[in-house]
Amino acid sequence: MRSAQEIWEAALGELQLQINKPNYQTWLQGTRGIAYQDGQFIISVPNAFVAEYLDKNQRSLIKKTLIGLVHSSNIKVQFQTGSEHPVPTTENTHHQDPSVRDLPAFNPKYTFDSFVVGGSNRMAYAAALGVAQNPGHSYNPLFIYGGAGLGKTHLLQAIGHTARSNSIRALYVSGEHFTNDFVDAVRQQRTNEFRSKYRDIDMLMIDDIQFISGKEHTAESFFHTFNELHNGNRQIVITSDRPPKSMPLLEDRLRSRFEWGLTVDVKPPDLKTRRDILKAKSEQAGAGILPDVLDIIAQQVRENIRELEGGLNRIIAYARLLQTEVTPEIATRALADIGGRTLPSGHITPDALLDAVSECFQITPELISSRRRDKQVALARQVAMYLLKQQDGYSLAEIGNLLGGRNPSTVSHACEKVAEDIKASPLLRHRVMDIQKSLRPR
Ligand code: ADP
Ligand code: MG
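Keep in mind it's a predicted model, so treat the numbers as computed, not measured.

Some words on the layout of surface pockets
Logical step 1: A volume near 590 Å³ is recorded for the second largest pocket.
Logical step 2: Lining the second largest pocket are 34 residues, and of these Thr 26, Trp 27, Phe 49, Ala 317 and Leu 321 sit closest to its centre.
Logical step 3: Broken down by secondary-structure element, the contributors of at least two residues to the lining of the second largest pocket are helix 2 (21–28), helix 3 (48–57), helix 14 (305–321), helix 15 (328–335), helix 16 (350–361), helix 17 (365–368) and helix 19 (396–402).
Logical step 4: Looking at the lining of the second largest pocket, its residues break down into 14 nonpolar, twelve polar and eight charged.

Okay, here's the thing in structure tokens:
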């Protein structure tokens, strides 16, 4: 069987023929196939900006290409950021204790060292560290809850790293995975296998347990797993997006089990913590970003650390794309996408604009930036150029870059042409007005 990277290289060869060169270079060069398992194909991409772009614009093409190569009718494509060092697989874990070698690996980025501690997460951090260093004997279970992107998964995997380095058989699964595993086991009459997978371990970590609430049989199975592990002093760590008492569909007996140990929350980070996190991430990325720029992100993204990271990556990628320095101005512009379609100033992002144009003309955004010259595609492209030009702050060269590497004179010509055509054609006028309307803040 071919490795994920070999399959991905073949896919890139095909994609190169279907995507224009500037787009290919911007978005696909430097990507790697890192895993293909259980119908899931994981592609490593350099940053969150690229992940988001590919996810939005090229997912179906990539999926189709991969399906053609692996001769399977179904593949789930996932873009993963920052894995220049791919998640270790069983191949490079040979140095580990044999008893933990066959367990799935943790994300190497999610360690205690890389976790920035602040007022919003200090308790959770301390509890997680306690459990990692002294499993089964401090708090059992440890229940961590909080909103999306606040570091729950990070803490869970950090516990896993530490535990495993002490030869503790720690297993991490999502609530969703646990559910699917259980349902499959029942369907295929492999419940013994299921039992031993979840009970012959020293530590069980279930991420996003809210997923099983309301799923009666899965919750029941988890209840028994919980009891057995707990009775044997095996550590259990659970995360959820809400505290146990707010899980209405959870059986009381399970809820009360959760409250046996320690329940801690992670809150949205305060400004200082947001600054600290950004500083740490920018250093990790080897990008010397000015404190002023970090401050813009810290002020604008408040609720979610994943988005904080995303904001930083986006700014770095954006500046690279436009081949300029990372200035506060570039940062403000790059961040517009996070807040939705518009900046406070009413400035519209290129992505949002391309989406709106492609919606109106019923073609895909990648066609707009492609080399195709059919009438409809060419018109959509010219309209996109015209609308971008109307936004202050984009030079002809930038617009050309954003639309698949056109030169400034082509852009200038297109803008003049659309301005003329709008006068002559009510249909075109209405189309342009519709697009503008759809871009206004709601
Ligand atoms: P959750 O599971 O709560 O939705 P994650 O653990 O997936 O959130 O965190 C989202 C992203 O933010 C991850 O990339 C994680 O590494 C990062 N992150 C969260 N909290 C911190 C922190 N305190 N220090 C450093 N990075 C963090
Ligand atoms: Mg999570």
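Still more to cover.
A closer look at helix 21 (residues 426–439)
Logical step 1: Taking 1.5 Å per residue as the helical rise, helix 21 with its 14 residues ought to reach 20 Å, and the 20 Å between its terminal C-alpha atoms agrees with that figure.
Logical step 2: Of all the residues in helix 21, the buried ones are Leu 428, Val 432, Ile 435 and Leu 439. Looking straight down helix 21, one finds that the buried residues subtend no more than 60 degrees of arc, so they occupy a single side. Turned more than 90 degrees from where helix 21 packs its buried face, Leu 427 and Lys 437 sit exposed.
Logical step 3: Looking at the packing, one finds that the buried side of helix 21 touches helix 16, helix 18 (375–390) and helix 20 (408–424).

Describing the sheet that holds strand 4 (residues 142–146)
Logical step 1: What the five strands build is an open sheet, ordered 5-6-7-4-8; its pairing is parallel. The outermost strands of the open sheet, each flanked by one partner alone, are strand 5 (170–174) and strand 8 (262–266). Strand after strand, the sheet turns through a mean of 15 degrees between neighbouring axes, direction not considered.
Logical step 2: In this structure, strand 4 lies alongside strand 7 (residues 235–240), joined through four bridges in parallel fashion. Following the sheet pairing, Tyr 145 is matched in strand 7 by Ser 240.
Logical step 3: Along the sheet, helix 7 (residues 152–165) makes contact with strand 4, strand 5, strand 6 (203–207), strand 7 and strand 8, crossing strand 6 at roughly 165 degrees.

Concerning the pairing of strand 4
Every regular strand shows the same layout, with side chains that alternate between the two sheet faces.
Logical step 1: Judged by how many residues are buried, strand 4 sits mostly within the fold: four of five residues are covered.
Logical step 2: In this structure, strand 4 lies alongside strand 8, joined through five bridges in parallel fashion. Looking at the pairing, Phe 143 lines up with Thr 263 of strand 8.

Observations concerning the pattern of salt bridges
Logical step 1: One pass over the full model with this rule turns up 20 salt bridges.
Logical step 2: Arg 199 serves as the salt-bridge partner of Glu 228, at 2.9 Å between the closest nitrogen and oxygen. Taken as a pair, Glu 228 in helix 10 (residues 216–231) and Arg 199 in helix 9 (residues 191–199) lie far apart in primary sequence, 29 residues in all.
Logical step 3: Its relative accessible area of 38% is what places Glu 228 among the partly exposed residues.
Logical step 4: One salt bridge connects Glu 283 with Lys 279, and the closest N-O pair in it is separated by 3.7 Å. In this pair, Glu 283 and Lys 279 are both assigned in helix 12 (residues 271–284), four residues apart and thus about one turn of the helix distant.

A look at the site of ligand 1
Logical step 1: In the neighbourhood of ligand 1, 17 residues make up the surrounding shell, with Val 116, Gly 149, Thr 153, His 154 and Glu 309 lying closest.
Logical step 2: Here Lys 152 contributes a side-chain N or O atom positioned 2.8 Å from an oxygen atom of ligand 1.
Logical step 3: Taking Thr 153, its side chain carries an N or O atom lying 2.8 Å from an oxygen atom of ligand 1.
Logical step 4: Look at ligand 1: alone it shows 550 Å² of surface, and the protein chains cover 95% of it.
Logical step 5: The set of elements that each furnish at least two residues to the shell around ligand 1 consists of helix 7 and helix 14.
Logical step 6: Residues that form the shell around ligand 1 fall into these classes: six nonpolar, seven polar and four charged.
Logical step 7: Of the residues that make up the shell around ligand 1, three or more belong to each of domain 2 (98–265) and domain 3 (269–343).

Description of the domain arrangement of the chain
Logical step 1: Along its sequence, the chain is organised into domain 1 (1–83), domain 2 (98–265), domain 3 (269–343) and domain 4 (350–439).
Logical step 2: Placing a centre on the C-alpha atoms of domain 2 and another on those of domain 3 gives a separation of 32 Å.
Logical step 3: Contacts between the two partners involve eight residues from domain 2, matched on the other side by eleven residues from domain 3.
Logical step 4: Approximately 730 Å² of surface area, both sides summed, lies buried where domain 2 meets domain 3, with 53% of it carried by carbon and sulfur atoms.

Basis of the calculations
- Residues numbered from 1 in each chain as written.
- Chains lettered and ligands numbered in written order.
- Predicted model: local features only at pLDDT ≥ 70, side-chain atom pairs only at ≥ 80, totals over all residues.
- Heavy atoms only, no water.
- 1 Å grid on protein atoms, 1.4 Å probe; cavity = no way out; pocket = protein on both sides within 12 Å on 5 of 7 lines; lining within 4 Å.
- Points joined across faces, edges and corners; volume = space filled by probe spheres on them.
- Helix = DSSP H or I, 4+ residues; strand = E, 2+ residues; numbered from the N terminus.
- Nonpolar A, V, L, I, M, F, W, Y, C, P; charged D, E, K, R; others polar.
- Expected span 1.5 Å × (residues − 1).
- Buried < 20%, exposed > 50% of the residue type's maximum accessible area, 1.4 Å probe, protein only.
- Arc of directions from axis to C-beta.
- Contact = heavy atoms within 4.5 Å.
- Pairing = 2+ DSSP bridges.
- Axes fitted to C-alpha atoms, helices over the stretch in contact; angles between N-to-C directions.
- Salt bridge = Lys/Arg side-chain N within 4 Å of Asp/Glu carboxyl O.
- Near = heavy atom within 4 Å.
- Polar contact = N/O pair within 3.5 Å; in protein donor to acceptor, adjacent residues only side chain to side chain.
- Areas by Shrake-Rupley, 256 points an atom, 1.4 Å probe, with all protein chains shown as cover.
- Domains from an automatic or database assignment.
- Buried area = accessible area lost by both parts, 1.4 Å probe.

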